[in-house]
Amino acid sequence: MNNLTIPAYSEQAAQAVKERLDSLAKVPGSLGKLEELAIRLAGITGRTCPSFPQKSVVLFAADHDITLKGVSATGQEVTEIQVRNFLKGGGTINAFCRNAGASLTVVDVGIKGDVGGAEGLVRRKVVHAARDFSEGPAMTREEALACVQVGIDMAHEEAKKGVTLLSAGEMGIGNTSPSSAVAAVLTGAPVEGVTGIGSGIPSERVRHKAELIRQGIERNRPNPADAVDVLAKVGGPELGAMAGLMLGGASLRIPVVVDGFIAGAAAAIAIGIRPGVRDMLIGSHSSVEPGHQILMDYLGIPTYFDFGLRLGEGTGAALLYPIIDAAVRILTEMNTLQGIGMK
């Protein structure tokens, strides 16, 4: 990771696309956020006519022992159950990937069990679940760095397949707890302000969840100036791998679409490791989880729609893929004012 270089956002390509958009046969600025999206895609890729025929969601799965303290509506076993479901094509993320014409790669970076006989699972396990961070560090620094490297490696593997548009999905029962901890530490927001219902727990359990998160932060004292320290002490394996995918994608000028709250926490870690990643990411939706908008505002990454989602898995990112296709079609398929005989 020490050799990882993040190229600069191309202001030249972004400006050229802005000028192209203003010359098209429409009222200037009338396509709103679609125009902003096309400009951002040009700046990330360095191309004035970007296209994304091969898209992928890389879903990282891991467990969290803080789940054993009742921070989730379901038990850890659901992580493995859902991973098996994804591998058979039966999840929401599978449906949305099919809708977008995208592939789905499922990676075990920290599931509690060994997930035997799961055909198609990419096995890159670093730990058998993150440890309970309310009692001590979730991972060692070495484990956290190994998780980040898994994500970087997966970005390169997807690129070798011809993928030019990526997003990081996740499956991990209880993973809104480490995400809330990461958000609180890196943004300075109060724990209560970034802690929500997650998988659907009642309000009294949300208060219990927030207290455990606060306890973990006070006990571990993660350094907000060191994103890897934050990841190791109060984060989780999939957060590290997702951050790594963002780092790897950015290094290759592949746009990485940020999903919801958990992906936002991973983006904060990636930007903490390499600040230049900030300009190379694409936001997707505004999650119902209260910490998500706090994170995205703090990071300065715009989002493009709000459907009231809070599922995770990469679902919001996959929903943005067809919108990205529409944004780039504006550049390649629309006539100009001059072309239709107008000045």
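As the structure is a prediction and not an experimental result, all values here were calculated from the model.

### Description of the nonpolar core
Judged by nonpolar contacts, the single largest core of 115 residues is most densely connected at Phe60, Met246, Ile269, Leu281 and Ile324. By residue number, the principal contributor to this core is helix H10 (residues 261–273), which donates eleven residues. Apart from residues lying up to four places away in sequence, Met246 is in contact with Ala168, Val256, Val258, Ala263, Ala266, Ala267, Ala270, Val277 and Leu281.

### Overview of the pairing of strand S4 (residues 165–171)
Burial analysis of S4 places seven of its seven residues in the buried class, the great majority of the element. Of the two faces of S4, the one lined by Leu165, Ser167, Gly169 and Met171 and the one lined by Leu166, Ala168 and Glu170 are each fully buried. Where strand S1 (residues 55–62) meets S4, seven bridges bridge the pair, whose relative direction is parallel. Along S4, the bridge assignment pairs Phe60 with Glu170. In terms of strand pairing, S4 meets strand S5 (residues 256–258) through two bridges, oriented parallel.

### Brief notes about the packing of aromatic side chains
Per the stated rule, a full pass over the model turns up one aromatic pair. For the ring pair Phe305 and Phe307, a centre distance of 4.7 Å and an interplane angle of 45 degrees mean the geometry is tilted. Judged by its relative accessible area of 11%, Phe305 falls in the buried class. Judged by its relative accessible area of 58%, Phe307 is exposed.

### Notes on the pairing of S1
For S1, the tally of buried residues reaches eight of eight residues, placing the bulk of the element in the interior. The two faces of S1 match: Lys55, Val57, Leu59 and Ala61 on one face and Ser56, Val58, Phe60 and Ala62 on the other face are all buried.

### So, unusual backbone geometry
Backbone geometry at Ala129 places phi at a positive 85 degrees, although glycine is not the residue there. Inspection of the secondary structure assignment puts Ala129 in the loop between strand S3 (122–123) and helix H5 (141–160). We classify Ala129 as buried; its relative accessible area is 4%.

### Re the environment of Gly113
Tracing the backbone shows Gly113 in the loop between strand S2 (102–110) and S3. Distance in space between the C-alpha atoms of Gly113 and Met246 is 26 Å, their sequence separation being 133 residues. Every residue in contact with Gly113, bar those within four places of it in the chain, is listed here: Glu80, Asp108, Lys125 and His128.

Analysis parameters
Residues numbered from 1 in each chain as written. Predicted model: local features only at pLDDT ≥ 70, side-chain atom pairs only at ≥ 80, totals over all residues. Heavy atoms only, no water. Core = buried A, V, L, I, M, F, W, Y, C linked by side-chain atoms within 4.5 Å. Buried < 20%, exposed > 50% of the residue type's maximum accessible area, 1.4 Å probe, protein only. Helix = DSSP H or I, 4+ residues; strand = E, 2+ residues; numbered from the N terminus. Contact = heavy atoms within 4.5 Å. Pairing = 2+ DSSP bridges. Phe/Tyr/Trp six-rings, centres within 6.5 Å; stacked < 30°, edge-to-face > 60°.

Fair warning: the whole summary comes from geometry, so function is off the table for now.
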